[in-house]
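Listed below are the residues making up each chain.
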Amino acid sequence: NAGVTQTPKFRILKIGQSMTLQCAQDMNHNYMYWYRQDPGMGLKLIYYSVGAGITDKGEVPNGYNVSRSTTEDFPLRLELAAPSQTSVYFCASSSTGGTEAFFGQGTRLTVV
Amino acid sequence: ELKVEQNPLFLSMQEGKNYTIYCNYSTTSDRLYWYRQDPGKSLESLFVLLSNGAVKQEGRLMASLDTKARLSTLHITAAVHDLSATYFCAVDENYNTDKLIFGTGTRLQVFP
């Protein structure tokens, strides 16, 4: 079982570059999320989606964009990378309300 | 805006001892989740608590939820080294979205 798959695992970006973090789940979950975790800190919600075609902002959406064209995929786009976006990014999914969320292995992003 | 606070932030305890981690949150919710994170790893679901008075146990860990006090506890019984990790609680901000807001985490270290 693949679960939630994130790519890439590691990436170094230069300031001003753009990139897309990929997230795919094979559990047919409706809900998907993007979180960032700064060193020694908890997780902050960036964006979330309750189904294909529906997305909404979380706690820290500035500098990011998302789309949800299919149930399986939920990519996160960084348009103009800044050092403040250096973090570990986690994608997660859950089936319905009141159920556990499953997390991907994370993408460690460094912006220099 | 929902705030989730955990204490303590750091906990160093001896094997065989008992201790409790506290999770307080600021707005009404009856969905609370506990996760474990090992260093450099992703998050693993431990407990899902869905109603006032809910209590769940797995091995040496027991979690409870008091929605009236807006408080959840994670009790550790007779700690062992394998429990060393960071523990996060997360609260569902909105009933329909599973929009999880995470606490800052409690870093637990168990020593002989």
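Structure shown above.
This section reports on the structure supplied with the text. For every chain, the first residue of the written sequence is number 1, and numbering continues from 1 along that sequence. Whichever chain is written first becomes A and whichever ligand is written first becomes 1, with later ones labelled in order. In keeping with the predicted nature of the model, local features appear solely for residues at pLDDT of at least 70, side-chain atom pairs appear and are counted solely at 80 or more, and the whole-chain, interface and lining totals rest on all residues. Calculated side-chain values reflect all of the structure's heavy atoms, with hydrogen atoms and water omitted.

Turning next to the overall build of chain A. If you tally the helices and strands in chain A, you get zero helices and eleven strands. Ordering the α and β elements of chain A from the N terminus gives β-β-β-β-β-β-β-β-β-β-β. Computed over C-alpha atoms, the radius of gyration of chain A comes to 13 Å, within 12% of the 13 Å expected from 2.2 N^0.38 for 112 residues, which places it in the range of a compact globule. Taken along the three principal axes of its C-alpha coordinates, chain A extends 40 × 25 × 25 Å. Buried means the residue's accessible area, taken with a 1.4 Å probe over protein chains only, is under 20% of the maximum for its type, while exposed means over 50%, and partly exposed covers the values in between. Of all 112 residues assigned to chain A, the portion counted as buried reaches 46%. When checking whether two residues touch, look at their non-hydrogen atoms; a contact exists if any pair is within 4.5 Å. When contacts within chain A are restricted to residue pairs at least 6 apart in sequence, those whose partners lie at least 24 apart make up 53%. The Shrake-Rupley method, run with a 1.4 Å probe sphere, supplies the accessible areas, and residue values consider only the shown protein chains as cover. When the accessible surface of chain A is split by element, carbon and sulfur atoms take 52% of a total near 5,300 Å². Positive and negative side-chain charges in chain A, numbering 9 and 8 respectively, have mean positions lying 11 Å apart. The helix and strand labels rest on DSSP assignments: H or I over at least four residues marks a helix, E over at least two residues marks a strand, and numbering proceeds from the N terminus. In this treatment the radius of gyration is a C-alpha quantity, and the globule benchmark scales as 2.2 Å times the residue count to the 0.38 power. His is not counted, nor are the chain ends, whereas Lys and Arg count as positive and Asp and Glu as negative. Lys charges are placed at NZ, Arg charges at CZ, Asp charges at CG and Glu charges at CD.

Our next topic: unusual backbone geometry. In this structure, the amide linkage connecting A:Thr7 to the following residue, A:Pro8, adopts the cis form with an omega of -5°. The backbone of B:Arg70 sits at a positive phi, close to 55°, despite the residue not being glycine. Assignment of secondary structure puts B:Arg70 in the loop between strand 7 (61-66) and strand 8 (71-76).

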